[in-house]
Each structure stands twice: as C-alpha cells, then as structure tokens.
Amino acid sequence: MSKNKKFTLITMIAILVIVILFGFTQIYSLVTKGFGFGWKSLNPLEMPVILEDKNNDPNIADYELIAKEGETEFIEGLKTDTLGYNGSYLGPILRIKRGEKVNISVKNQLEVPTTLHWHGLLVDGEQDGGPLQGIEPKQSWNPSFIVNQPAATLWYHPHFAGTTANQVYFGLSGLIYIEDEISNKLELPKEYGVNDIPLIVQDRNFQKDGNFDYRTSMMGVVPGEVIIINGTVNPYLEISEEKIRLRVLNASNSEYFKFSLSNNDSFQQIASDGGFLEKPISMNTISLAPGERAEIIVDFKGNDEKKIFLMNDNMKILEFKISENLKSSIEIDKTLTTIEEIAIGDNPVQREFVLESMGISGTINGKYYNMERIDEEVNINETEIWAIRNIGGMMQTGGHPFHIHGTQFQIISRDGKKPPLGERGFKDTVFVRVGEEVLVRVRFKYKGIYMYHCHILEHEDNGMMGQFEVQ
Ligand code: C2O
Ligand code: CU
Ligand code: CU
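The structure contained in this document is the topic of the report that follows. (Residues numbered from 1 in each chain as written. Chains lettered and ligands numbered in written order. Predicted model: local features only at pLDDT ≥ 70, side-chain atom pairs only at ≥ 80, totals over all residues. Heavy atoms only, no water.)

1. Comments concerning the pairing of strand β33 (residues 465–470)
For β33, the tally of buried residues reaches six of six residues, placing the bulk of the element in the interior. Of the pairings in the sheet, the one linking strand β32 (residues 448–454) to β33 comprises six bridges and is antiparallel in character. Paired with His453 across the bridge in β33 is Met465. (Buried < 20%, exposed > 50% of the residue type's maximum accessible area, 1.4 Å probe, protein only. Helix = DSSP H or I, 4+ residues; strand = E, 2+ residues; numbered from the N terminus. Pairing = 2+ DSSP bridges.)

2. Quick look at unusual backbone geometry
Glycine aside, negative phi is the norm for most residues, and most peptide bonds take the trans geometry. For Asn86, which is not glycine, the phi torsion reads 65° and is therefore positive. Note that Asn86 resides in the loop between β3 (80–85) and β4 (94–97). Owing to a relative accessible area of 30%, Asn86 belongs among the partly exposed residues under this scheme. Even without being glycine, Asp313 reaches a positive phi, approximately 55°.

3. Brief notes about the pattern of salt bridges
Summed over all chains, the structure comprises 25 salt bridges. Notably, a salt bridge pairs Lys427 with Asp273, separated by 3.1 Å at the nearest N-O pair. With Lys427 in the loop between β29 (410–414) and β30 (429–433) and Asp273 in the loop between β18 (267–272) and β19 (275–283), the pair connects residues that are 154 residues apart, well separated along the chain. Across the pair Glu423 and Arg414 runs a salt bridge, and its minimum N-O distance is 2.7 Å. Judged by its relative accessible area of 13%, Glu423 is buried. (Salt bridge = Lys/Arg side-chain N within 4 Å of Asp/Glu carboxyl O.)

4. Let's talk about the environment of Leu122
Following the sequence through the fold, Leu122 ends up in the loop between β6 (117–119) and β7 (140–141). C-alpha separation for the pair Leu122 and Ile146, spaced 24 residues apart in sequence, amounts to 9.1 Å. Beyond its immediate chain neighbours, meaning those up to four positions away, Leu122 contacts Gln149, Gly406, Thr407, Gln408 and Tyr446. (Contact = heavy atoms within 4.5 Å.)

5. Points about the environment of Ile412
Within the secondary structure, Ile412 sits in strand β29. On the accessibility criterion, Ile412 (30% relative accessible area) is partly exposed. With 12 residues separating them in the primary sequence, Ile412 and Arg424 have C-alpha atoms 8.4 Å apart. Excluding anything up to four places from it in sequence, Ile412 contacts Ile385, Lys417, Lys418, Pro419, Leu439, Val440 and Arg441.

6. With respect to the coordination of the copper ion (ligand 2)
Protein-derived coordination of the copper ion (ligand 2) comes from His117 (NE2) and His403 (NE2), at a distance range of 1.8 to 1.9 Å. Here His117 is found in strand β6, whereas its partner His403 is found in strand β28 (residues 399–404), with 286 residues between them in sequence. Classification of His117 by relative accessible area gives buried; the value is 1%. (Donors = N, O, S within 2.8 Å, 3.2 Å for Na, K, Ca; no water.)

Dropping the structure here:
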C-alpha cells in the first residue's frame, strides 16, 4: 500500500470509530453548537465601556442611551442579530455618584416599543421606566432624578409588558454603579477593568447560522447550553493582582446560577443587591437568581501561573489566567458599612403575595398582570411587612425571584429562620423556593406607581406581575 492510501484508510477508520462512538447527532451538535468546534477557542472577556457624562458640572450628569438593533460576532465568522444600548449588544455602565442629579435621554431606535427601567434604583414611579413609561419607536424618554442611596451595583433593562423577555434576551441590559463616601473610602479593589470586574452572566442558545435560538413553550424556556459573560463566549480574564473584585449580575431570563471556583477555594461576598454587607462573608458557593447581584472578592495569592475557572455547577464558564508574580493587594477592610434595620411601627401593615406558576405563565395572589389595575395602595415612608409565598406549580428552576421596584428591602426570615449572612444586607430581589415563605421589611421613600413581579422574565411577561401605588 502506498503511503497515501494507507493514510486515507487510517483516516476513514478513524472517522468511522468516531462516528460509532459519538453518533451522528452528537457530532452534528458539536459542530453546530460549538464546544471547541467553530468557536474561537478562548476570548478575552469584554469590558463594557463606562458611559461618558456629557455635563461638566460635577453635580449633574447628562447621559444618552440609544436602544438599537445590531449584529454581534459571538462565534468567529458568524453574525448574530442582537439589540444593544449605544452598541450592538448590552449597554455601557452608568457610574453615578450619590447626590448627583442625573438626566438621561433614552432614544428608542427599535421597530417596536420599549421602556428603560432602573432596577434597584430609588426614584419616583414616573422615572422608574416600568411598563407604564413606554417609548414608541423613534421617540425619546427623558427621565431625571437625584440618586440618594448607598453605593451598589444595580442594572437597567427594558420593561415593556409582554416583550421584556425577548428584548433582554437579544441584548438589552446594562449595569449601574453607584458610588458614595463609603465606597470611596473603603480599602477595596476599585480599578475598573483591572481589579474591579463586571460579570454580566447569561445563558444562550445559538442556531447554526449564528443567530440566537430563543425558544419557549407552554412549559417554559429552553435553558441555554452556552454561558456568555459580558457578551463573550468562552471568556478568559488575565489576573495580575492577588485580589480581584467581581461584580456579578445574573442577567439571564430564567436560569438560576450556582457559582464556585474550580479549586474550591473560598471567596468573600462584600455586597448584595442594594450595596455593601456589614462585613465580608466567606463562602465557597454563591447562588444568584435572575435579577440578583453580588460583589465578591477572590484572592488568587499562591496560585501564580495556574489556571482557575469560575464554575456554574460543574460547568467552566470563565477562565482566570493567572500571571506569575501576582501584584500583592491591600487588605480588605473588616468592616464595610453599618446596616441599620429599617425602623418599623407598632402595627405595621402586612401584605401577602402568593406566587403560583403554570408552565411559562403564573399569577400573584391568583391574578394576572393588568396595566389598568392597582393591586395595592401603600403609604409613603411607612414600613410594612410583606410575606411572599411560593405555593408551587410547574417550572424548571424551583423558585421565583420576587422583585420589588422603588425600594431596597430587608429579609426578615425564610420559613421562620433568619436568612443566611449574605442575605442580611439590602435586597431588591429575593428567590422564593417552592413551599417557602419569605418575610421582608419594606419601605418606600418616593411616590408613584411601581411593579412587583417574578424576575423570570417569561413569567413576568405572562402575568406574574402586580402594581402598587405609593402615596
Ligand atoms: Cu429588573 Cu421590574 O425589573
Ligand atoms: Cu426593577
Ligand atoms: Cu417565576
């Protein structure tokens, strides 16, 4: 046999063996969906830009956000139709100082109506960007507010009734950083993109042609096989300092994440949805439901030149490429802030919110969302106790992330027990498991009509939302 024929024969046998071992379907899905084939093997983690403030006055910020269609290359050589703010996918970071007056011009260049909601921000109902503040195509919306709340990592996303899930899936989301005296003073990694890193985590499915494959059925959403971070497929991050601060947002429509490090090292949680915890809390895993955020500090000391991964369950989702001779970092402050309990009167108003889901839709207190209806009337500046109960139904994640607009609340208990340490700070979204009852202390400092809803966006779009008016 000639060398050439021998080679062909060996190749054919090899192909045959591979086909038998994996089966045609698996190979097809490997080739089309990635996992090594077709993907750029590893990509540097994208960093969203920090939006430029167009006002020179240090006490006033003027921002412009344009919602538009675009194309994004997640997979080498393929174009994905996407949506973004000012760019093709996701949006810039709004970095706001406490006390600053913020004017934002939101332009809708989509072909459909949208809204822009500031998730976690305390502002008047009319500035909140919920379903009642729709922006028609080619129109603008110009909210303006003064930010007066502690330093925190918040986010923004559309909220038009019935189309939120779709618009977020295709790319409309961005982060908001609030800074205050405490965050400025604390010994923490603060250098954006160097040791202070945003992680916007989302699950996605892709079609062969590179487009997103967003599928829902009566039963729910098809979970994404690919986890993208800041819009990057297969991301890596170069680590050159010991301590890195990660600001993690679960910006998925419906997936629940459980993060850990591949070497099982512990890390420290320093902030929850509404800002810093009183002290750093050491842990090995942290779970985030859709809409929730956490800031964590990972210490890579002693791991020079190693590869460590950020995991979601058993899946590697971000590679940390650790350089040699890591720059040593400062000690993290042992006390971050003081959190006072939200003061409460003698006979606080108590309300109950019963969550029930049926596949992709669901109800709160037996009702589907109705824009024309105000479900609850709430007095301004009066602390209330809200009991959120999940009585079950059919769904995939085993719980509902319950989110309240216009407030940062405190969790009193989960099924009668004190919440874990990482949930003792301010929250705007709380995950409520099937059969569980969560009590929260909540107070509203601004007036207007706001939403409460499940942050599984398909649930929200299909009825699991209510309205309350603060007066
Ligand atoms: Cu993250 Cu009603 O929103
Ligand atoms: Cu919100
Ligand atoms: Cu839900």
